[in-house]
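Fold and geometry: a report
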Amino acid sequence: MIKGWGAPLLRSLLLIPIAGLLLLPVVLTVVNSLMTKREINANYGMLGKTDTSFFVNLKWIPDWVSFQQYKEVLISSPQFLHLFWNSVYMVVPIIVGQTIVATLAAFAFGKLRFRGREALFLIYLMTMLMPFQVTLVPNYLMADRLGLLNHPSSIILPGVFGAFGVFLLRQFMLHIHSSFIEAAKMDGAGIMRILVSIALPMVKPGIAALVVLLFVDYWNMVEQPLIFLQDAAMQPLSVFLSRIQEDQLGVSFAVSVVYMMPMVLLFLSAERYFIEGIQLSGVKG
Amino acid sequence: MGAFWLLAPSLVGFSIFYLIPFGQSILGSFEDRLGGGLTFSNYKELLLSSSFQKAASNTFLFTAISVPILVAISLLLALFLNQRVFLRNWLRTAYVLPLVVPVASIVLVWQILFDWNGAINAVMQHFGLDRRDWMKSEWAGFVIILVYIWKNIGYNVILFLAGLQNIPGQYYEIADLEGAGPVRKLFGITLIYLTPTTFLVVLMSVLNSFKVFRETYLVAGPYPHDRIYMMQHYMNNMFLSLDIQKVSAAAVLMALCIMALVFILFRTERMFRSFME
């Protein structure tokens, strides 16, 4: 019966090492976060120096499993938690805001008829397709005019009104059969009623996918804070992590893990929705 | 009337933060910095500036090289994953995970791997090869492509898997009856019916290729090696020097390029579709 499982086994033997390679950076970060400061410095102290002939020492098992770095990040130096809070403070309002605003608009684009609908949606779509650096200029001009520069709202507000949520949720709205809506109308339900009690339950996976995708994008943000926030104390952790100095090498792995944890946990718990969301956004154009 | 009220919050905010200022920046790109009046001098200066030329050609090259590679690899993986495989769900999770890992969390690992004293060089020396300064040489482009593939492969695999699952099984059954081999089935059915998906994957890959700036910036700073100085670096640096007119002109040009590209992609896809029917 070799023929039965031979081919799947071969395929797996090819695919599993690739998966291992892709996971390597994550595993390496987690492993390093569990080493003592001294071990980290011994392994990576030579980074960024050109005059030595020593190489870094990649180690997969710590000499001594230690939570020293975590203790320092979470308890001894409050600045990390402060920056972590900065990230939360900007990302949560964007996710909540864009989800609400986009659900309303997506329902209108997906299920209601009005003049100029297609043209308007095309404009949204085009904006969504623009790389960040293109929308940065308009965002900056408006933040400047409204006096929002160097304030988190210069990042939050454009985020709330981003076009991506409208696009993604509209894809889900299109899947709702119009007969449901017609029937509800016959029974005298208003638009809000239809949206809340018919559309909303049906687009739940879409909303879950949107929340994860927005979280991914904004938890990662680097460009916006770099340009809109001059004040270093306002920066999110993502920007700060990039400026870690050699003498802070020890804690940086723990900070990295703390920073990726919310993302990874959310992804693992909502993976099904997340994947379904991405797939459905692609199935119907 | 209902549509209007549902749309209003989004439309107002969208207009304030995107539409109106975008119109404003189009105007700004034609503004004369010295006096009033409209001029093309911003565009002229931009196109003549050597750092802009470098940034534009690097960005173009990066996208032109990395997107086909990424699309090909993810298609291959999706084709494998769509067949009988052990641990399939685990594998899929592993491929998608890099997408959600914050760039900043991983920067240190890239340094550990690609530093002058890094792990890759250690391996190279072990095999008697010369070490090289990966991020500060011609090889930097290669590293960035690797990072880009690492990050985006899962997203594309998911899209391709959805596309593969949408191809009706009967097509393959009919092909089996007619005695078609696996290669013929791949080119005659799979790839043809995957066209709309491929279109979307290419589009998303191009867009995501612009996001690789984050990784590049975090690893190499605002002025990286010439080989990986991208449009985004250029625009960031212009921004910080508050040259708004020039940034606006660059943004308009970039927007035009994207629109042209999207248009070409849509056109190609439509051509393929009519060819299929």
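See the structure shown above.
Summarised in this report is the structure supplied together with it. (Residues numbered from 1 in each chain as written. Chains lettered and ligands numbered in written order. Predicted model: local features only at pLDDT ≥ 70, side-chain atom pairs only at ≥ 80, totals over all residues. Heavy atoms only, no water.)

1. As for the overall build of chain A
Across its full length, chain A holds 15 helices and 0 strands. In terms of principal-axis extent, the alpha carbons of chain A reach across some 75 × 70 × 30 Å. Looking at chain A as a whole, 55% of its 285 residues qualify as buried. When contacts within chain A are restricted to residue pairs at least 6 apart in sequence, those whose partners lie at least 24 apart make up 79%. The positive charge centre, built from 19 side chains, and the negative charge centre, built from 15, are 12 Å apart in chain A. (Helix = DSSP H or I, 4+ residues; strand = E, 2+ residues; numbered from the N terminus. Buried < 20%, exposed > 50% of the residue type's maximum accessible area, 1.4 Å probe, protein only. Contact = heavy atoms within 4.5 Å. Lys, Arg positive; Asp, Glu negative; His and termini not counted. Charge placed at Lys NZ, Arg CZ, Asp CG, Glu CD.)

2. Topic: the overall build of chain B
Secondary structure summary: chain B contains 13 helices and 0 strands in total. Seen in sequence order, chain B has helices and strands lined up from the N terminus as α-α-α-α-α-α-α-α-α-α-α-α-α. Once the C-alpha set of chain B is aligned to its principal axes, its extents read approximately 75 × 70 × 35 Å. Expressed as a percentage of its 277 residues, the buried residues of chain B come to 53%. The contacts of chain B with a sequence gap of at least 6 include a subset with a gap of at least 24, amounting to 67%. In the structure as shown, chain B presents an accessible area of about 13100 Å², 68% of it carried by carbon and sulfur atoms. Each charge sign in chain B was given a centre, from 19 positive and 15 negative side chains, and these centres are 4 Å apart. (Areas by Shrake-Rupley, 256 points an atom, 1.4 Å probe, with all protein chains shown as cover.)

3. A word on the environment of B:Glu269
All names here are of chain B. Tracing the sequence through the fold places Glu269 in helix α13 (residues 244-276). Through-space distance from the C-alpha of Glu269 to that of Ile149 is 24 Å; in sequence the pair is 120 residues apart. Contacts of Glu269, omitting those with residues within four sequence positions, involve Pro196 and Phe199.

4. Quick look at unusual backbone geometry
Located in the positive-phi region is A:Asn150, a residue other than glycine, with phi close to 60 degrees. Relative to the elements of secondary structure, A:Asn150 occurs in the loop between α6 (132-145) and α7 (153-160). If you check the backbone angles, B:Leu87 has positive phi at about 60 degrees while not being a glycine. Looking at where B:Leu87 falls in the secondary structure, it is placed in the loop between α3 (50-81) and α4 (88-100).

5. A short note on a nonpolar patch on the surface
Nonpolar side chains collect at one region of the surface, where A:Trp5, A:Leu9, A:Leu13, A:Ile16, B:Phe86, B:Leu87 and B:Trp90 lie side by side and expose about 750 Å² of accessible area between them. Sort the elements by how many residues they give to the nonpolar patch and helix α1 (residues 2-33) of chain A lands first, with 4 residues. Turning to its location among the elements, A:Leu13 is positioned in helix α1. (Patch = residues over 30% accessible without salt bridge, like charges linked within 9 Å, V, L, I, M, F, W, Y side chains within 5 Å. Salt bridge = Lys/Arg side-chain N within 4 Å of Asp/Glu carboxyl O.)

6. Structural notes on the packing of helix α3 (residues 68-76) of chain A against helix α14 (residues 249-269) of chain A
All names here are of chain A. As a packed pair, α3 and α14 sit with axes 8 Å apart at the nearest point and diverge in direction by 70 degrees. Between α3 and α14, the crossing angle belongs to the class labelled roughly perpendicular. Only Gly250, Val251, Phe253, Ala254, Val255, Val257 and Val258 of α14 make contact with α3, whose side of the interface consists of Gln69, Tyr70, Glu72, Val73 and Leu74. (Axes fitted to C-alpha atoms, helices over the stretch in contact; angles between N-to-C directions. Parallel < 35°, antiparallel > 145°, perpendicular 65-115°, else oblique.)

7. Considering the environment of B:Leu81
All names here are of chain B. Note that Leu81 resides in helix α3. Note on Leu81: relative accessible area 1%, which makes it buried. Note: C-alpha distance between Leu81 and Gly28 (53 residues apart in sequence) is 50 Å.

8. Considerations on the side chain of B:Ser15
Residues and elements named next belong to chain B. In this structure, Ser15 sits in helix α1 (residues 2-29). On the basis of relative accessible area, Ser15 is assigned to the buried category, the value being 18%. If we skip the residues at most four places from it in the chain, Ser15 touches Ile20 and Pro21.

9. So, the interface of chain B and chain A
Listed as interface residues are 88 residues of chain B and, on the opposing side, 99 residues of chain A. Both sides of the chain B and chain A interface together cover about 8500 Å² of buried area, and 77% of this is carbon and sulfur. Considering only the surface of chain B that becomes buried against chain A, B:Leu6, B:Phe17 and B:Arg214 emerge as the three largest contributors, covering 9% of it. Residues B:Lys211 and A:Asp217 are paired through a salt bridge, measuring 4.0 Å at the closest nitrogen-oxygen approach. The biggest single contributor to the side of chain B that touches chain A is α1(B), with 18 residues. Looking at the side of chain B that touches chain A residue by residue, the class counts come to 64 nonpolar, 17 polar and 7 charged. (Buried area = accessible area lost by both parts, 1.4 Å probe. Nonpolar A, V, L, I, M, F, W, Y, C, P; charged D, E, K, R; others polar.)

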